[in-house]
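# Residue-level structure breakdown
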Amino acid sequence: MEVSPYLSVVIPAYNEAVRLRKTLPLVREFFQAQEFTWELVLVDDGSVDGTADILGEFFEPHEARAVSLPANRGKGYAVRTGVLESKGKLVLISDADLSTPLKEFATLQSCLEEGFDVAIGSRSLANSNIVVRQAWYREGMGRFFNFLVQTIALKGFIDTQCGFKCFEREKLLSVIQSMRIDGFSFDVELLYIAMKKGFSVKEVAVEWRHMEASRVRIWIDPARMILDLFKIRCNDLLGRYGSRQRRETSTL
């Protein structure tokens, strides 16, 4: 009988062939240092540079697999696809650039062991370790977006957009299946639905470094992200996220 892995790492990727040749060896190094079973799920979001083919250079077929989307659908759609395709008890969502190193998984894992349902990395807590900062205008946009998140959709979080989140797959399956946002605001939607369903969330400080060649297009994606905040509220009003239950948040 096939044994499910303990950890699935889901990485969404769009035209990341060059970057993955640098980061996948680090992913493999992390996995090989662990005593638990693992798998890597790479979601190729309609790339045209052979992103999906890079896996075979570093992993055996039984260790990692690529899920190729026929067209670019957005990071949110890619993440949902990867989580639904994963088989691990725990799922860790990570960016292809490893801006938060995988060693920080242990920090999130400890939160789940404490009893929290979701653990999310944060770049904005007092003890977050920012090794390389973003440009001033990107930091300003991030603060403004978080202000809008707090005002329009979701209070209680300092940083919803750090691409490093962990949870038990089966526990949050209903959350993933309810998600509808395909773009970069999927993080807000995930947390919004999780809180609405009564799951507890802990925001924790992690190490983070800005990587060049961000996939967020500075003059296009922020506007779409703001529009998606209103879509989240509309989806809620239309009953697409279910009924409201107990909420609990915490930061560390």
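If you check an unreviewed UniProt entry, the protein chain appears there as dolichyl-phosphate beta-glucosyltransferase from Candidatus Nitrohelix vancouverensis. Annotation of the protein chain in UniProt includes, under Catalytic activity (unreviewed entry), the sentence "a di-trans,poly-cis-dolichyl phosphate + UDP-alpha-D-glucose = a di-trans,poly-cis-dolichyl beta-D-glucosyl phosphate + UDP". The UniProt entry for the protein chain carries the following comment under Pathway (unreviewed entry): "Protein modification; protein glycosylation."

## A word on the packing of helix 6 (residues 186-196) against helix 7 (residues 221-237)
Relative to each other, helix 6 and helix 7 sit at 30°, their axes nearing to 10 Å. As judged from the angle between their axes, helix 6 and helix 7 are roughly parallel. Remark: the crossing between helix 6 and helix 7 carries right-handed chirality. Contact with helix 6, carried on its side by V188, E189, Y192 and K196, involves L229, I232, R233, N235 and D236 of helix 7 and no other residues of that element. For the contact of helix 6 with helix 7, a count of residues per class yields four nonpolar, one polar and four charged.

## Topic: the side chain of D228
Note that D228 resides in helix 7. Once residues lying within four places of it in the same chain are set aside, the contact partners of D228 are I181, G183 and S185.

The rules behind each value
- Numbering of residues begins from 1 in every chain and follows the order in which that chain's sequence is written.
- In view of the model being predicted, local features appear only for residues whose pLDDT reaches at least 70, and side-chain atom pairs are presented and counted only at 80 or more, with totals across whole chains, interfaces and linings using the full set of residues.
- Side-chain calculation: all heavy atoms of the structure are included, whereas hydrogens and water are not.
- UniProt positions are given in the numbering used here, feature names are shortened, and annotations may be inferred rather than shown by experiment.
- Here the axes come from fitting lines to C-alpha atoms, over the contacting stretch only for helices, and the angles between their N-to-C directions go from 0 to 180 degrees.
- A run of H or I in DSSP counts as a helix once it spans at least four residues, and a run of E counts as a strand once it spans at least two, with each numbered from the N terminus.
- Each angle is binned into one of four classes, with values under 35 degrees roughly parallel, values over 145 roughly antiparallel, values of 65 to 115 roughly perpendicular, and all other values oblique.
- Handedness of a crossing is defined here by the sense of rotation of the near helix relative to the far one, left-handed for an anticlockwise turn of less than a right angle and right-handed for a clockwise turn.
- Here, residues are in contact when the closest pair of their heavy atoms is within 4.5 Å.
- Residues were grouped as follows: Ala, Val, Leu, Ile, Met, Phe, Trp, Tyr, Cys and Pro as nonpolar; Asp, Glu, Lys and Arg as charged; and all remaining residues, including Gly, as polar.

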